[in-house]
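Fold and geometry: a report
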Amino acid sequence: MPEHNRYEALGLDGIARKVMAGERLTLDEGRALFACPDVTAVGALAHLRRTALHGDRTFYVVNRHINYTNVCINGCAFCAYQREKGQDGGFELSIQDAVDLLLAAPLTPREVHIVGGCHPDLRLAFFVDLLTSVQKALPEATLKCFTAVEIAHFARLEGISTIEVLQTLKAAGLAMLPGGGAEIFAPEVRRRICPKKSDAVEWLRIHGEAHALGLATNATMLFGHLESIDDRLDHLDQLRRQQDQSLQNGGKGFTCFIPLPFQTENNAIKVERPLTGLDELRTIAVSRLMLDNIPHLKAYWVMLTVKQAQAALFFGADDLDGTVVEEKIGHMAGATSRQGLTKAQLEAMIRGLGLTPVERDARFNPIGGQA
Ligand code: SF4
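To start, this report covers the structure provided alongside it.

Reading the values: the criteria
Residues numbered from 1 in each chain as written. Predicted model: local features only at pLDDT ≥ 70, side-chain atom pairs only at ≥ 80, totals over all residues. Heavy atoms only, no water. Helix = DSSP H or I, 4+ residues; strand = E, 2+ residues; numbered from the N terminus. Rg over C-alpha atoms; globule rule 2.2 N^0.38 Å. Buried < 20%, exposed > 50% of the residue type's maximum accessible area, 1.4 Å probe, protein only. Areas by Shrake-Rupley, 256 points an atom, 1.4 Å probe, with all protein chains shown as cover. Lys, Arg positive; Asp, Glu negative; His and termini not counted. Charge placed at Lys NZ, Arg CZ, Asp CG, Glu CD. Salt bridge = Lys/Arg side-chain N within 4 Å of Asp/Glu carboxyl O. Polar contact = N/O pair within 3.5 Å; in protein donor to acceptor, adjacent residues only side chain to side chain. Contact = heavy atoms within 4.5 Å. Near = heavy atom within 4 Å. Nonpolar A, V, L, I, M, F, W, Y, C, P; charged D, E, K, R; others polar. Phe/Tyr/Trp six-rings, centres within 6.5 Å; stacked < 30°, edge-to-face > 60°. Arc of directions from axis to C-beta. Pairing = 2+ DSSP bridges. Axes fitted to C-alpha atoms, helices over the stretch in contact; angles between N-to-C directions.

This part covers the overall build of the protein. When helices and strands are counted, the protein shows 16 helices and 10 strands. The C-alpha atoms of the protein give 20 Å as radius of gyration, which agrees with the globular expectation for 371 residues (21 Å, within 12%). In terms of overall dimensions, the protein has a C-alpha envelope of 60 × 45 × 40 Å along the principal axes. For the protein, with 371 residues in total, the buried portion stands at 58%. If you sum the accessible surface of the protein, you get close to 14,400 Å²; carbon and sulfur atoms cover 52% of it. Across the protein, the centroid of the 39 positively charged side chains sits 2 Å from that of the 44 negatively charged ones.

Below, the structure written as structure tokens:
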């Protein structure tokens, strides 16, 4: 039992015992962790859990992000990236543009992450060609592409089901869905920040369908805008219930959870009390403790900054994402991190903390026989 007296004095003794035993925490226990005055005590519990799952192994991936367009019909209030069709600053990559960018990456990516806006005219055939061309150019890369929101959009444009879209894209090489578009599931907040986007029911249903088709997926939570602490806990609870269901049905499930702190620049949402660094770390820690059935938690350095991502590795996170190379969505909203990191920089970031770097593929399999 870690520092029994410390947790007893904080009223977290029962929670600490449950964490040690690997038992599921209730929403009330999640509230107690958010209310605890000692954020380092919460972080220590999350680190205990992270260590029980992964030891000091800390994952990273040589990857490349491609954003194929910022033209989008949704117009989410928090989005600094979106443009209307024909508006200045809008862009659309051709398939050749995307392949050229991937081939120009300094290291051959093991994971290709492709997402974009919900473009009114790009049809499913374009995305089939895109995946086929990328897979041909980079046969060893895992294609982690299109959020559930994009999948729902493709289905509406084609007049077919989301399962049919997933099956078509899987046949073209799609291996995973990224976790974007989840934002925060609470319907009232969602109506204010992204009213045209898939709701929680649709987002979770599409991930469940992907899991059943043998596609692993990731999950995100955008926090620090208009949502309450209870909304964050509800979001985490809905994810873990979907994970229970997907795994019980023999599906792939969520591989990694990515908590994304809200970026405050260039968008229509005015936040009264922006997140502090400690708010971010506490949310990461509580996420690790609540999500007992999702194996990995990513400290996405692009949104957190490099140094905060390093701190998060002691608050429950076990992954730093990767080289990225070029990121548009977070940076247009004010993210101040650099655009890309080298493999050597990622390894040095991890070793500098006394942790062990492990290069992984998109599914978190170690590369090159690392432990
Ligand atoms: S967040 Fe995504 S769906 Fe919303 S406006 Fe921006 S690009 Fe479109």
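Now that the structure has been shown, we can carry on.
Before going further, it helps to spend a moment on the pattern of salt bridges. The full count for this structure, using the stated rule, is 25 salt bridges. Ionic pairing is found between R31 and D230, a salt bridge with its closest N-O pair at 2.7 Å. Taken as a pair, R31 in helix α3 (residues 27–35) and D230 in helix α11 (residues 229–248) lie far apart in primary sequence, 199 residues in all. Given the relative accessible area of 37%, D230 is considered partly exposed. Put simply, E227 and R232 hold a salt bridge, and the shortest N to O gap is 2.8 Å.

Take unusual backbone geometry next. Among all residues except glycine, the phi angle is most often negative; among peptide bonds, the trans geometry is most common. Phi angles above zero are rare outside glycine, and D321 is one such case at about 65°. You can see D321 is positioned in strand β9 (residues 319–322). The buried category is assigned to D321, whose relative accessible area is 2%. Phi is positive for F364, close to 75°, though the residue is something other than glycine.

Summarising the element assignment, E183 is placed in the loop between β5 (174–177) and α9 (187–193). At 2.5 Å, the side chain of E183 and the side chain of K197 are in polar contact. When neighbours within four sequence positions are excluded, E183 is seen to be in contact with F78, R190, I193, C194, K197, T220, M221, L222 and H235.

This paragraph deals with the site of the ligand. If you check the shell around the ligand, you find C72, N74, G75, C76, F78, C79, Y81, Q82, G117 and K197 and nothing else. By residue class, the composition of the shell around the ligand is five nonpolar, four polar and one charged.

With that out of the way, let us pick up the packing of aromatic side chains. Applying the stated rule across the entire model yields 10 aromatic pairs. Seen from their ring centres, Y68 and F146 are 6.2 Å apart, and the 75° between their planes marks the pair as edge-to-face. With a gap of 78 residues between them, Y68 in the loop between β2 (63–67) and α5 (95–103) and F146 in the loop between β4 (142–145) and α7 (148–158) connect regions that are remote in the sequence. Under the relative-accessibility criterion, Y68 is labelled buried at 2%. The class of F146 is buried, set by a relative accessible area of 0%.

Moving on, we get to helix α16 (residues 343–351). Note on helix geometry: an α-helix contains 3.6 residues per turn, so any two residues three or four positions apart are oriented the same way. L346, E347, M349 and I350 are the residues of α16 that are buried. Projection of α16 onto a plane perpendicular to its axis shows the buried side chains occupying an angular sector of 155°, all on one side. Within α16, the exposed residues directed more than 90 degrees away from the buried face are A344 and R351. As for α16, its buried residues are in contact with β1 (57–61), α13 (301–304), α14 (306–312), β9 and β10 (356–360).

The next point concerns the pairing of β10. β10 sits mainly inside the fold: four of its five residues count as buried. Examined bridge by bridge, β1 and β10 share five bridges and lie parallel to one another. When the sheet's bridge partners are listed, R57 is paired in β10 with T356.

This part covers the sheet that holds strand β8 (residues 296–297). Strand order in the open sheet formed by seven strands is β2-β3-β4-β5-β6-β7-β8, with parallel pairing between adjacent strands. Each having just a single partner strand, β2 and β8 make up the two edges of the open sheet. Here strand β7 (residues 254–261) pairs with β8 via two bridges, running parallel. Counted as the bridge partner of F257 is L297 from β8. Sheet strands touched by α5: β2 and β3 (111–115). Its angle to β2, the strand with the most contacts, is close to 155°. Its contacts with the sheet put helix α12 (residues 277–290) on β6 (216–223), β7 and β8, and the angle it makes with β6 is roughly 140°.

Here the focus is the side chain of T217. Structurally, T217 is set in strand β6. A residue is classified by how much of its surface remains accessible, and T217, at 0% relative accessible area, is buried. Polar side-chain contacts of T217 include one of 2.9 Å to the side chain of H207. Every residue in contact with T217, bar those within four places of it in the chain, is listed here: M176, L177, H207, A210, H211, G253, F254, T255 and C256.

The two faces of β4 match: T142 and K144 on one face and L143 and C145 on the other face are all buried. Note that β3 and β4 share four bridges and pair parallel. The residue of β4 that forms the bridge with E111 is T142. The pairing of β4 with β5 spans two bridges and is classified as parallel. Bridge pairing links L143 to L174 in β5.

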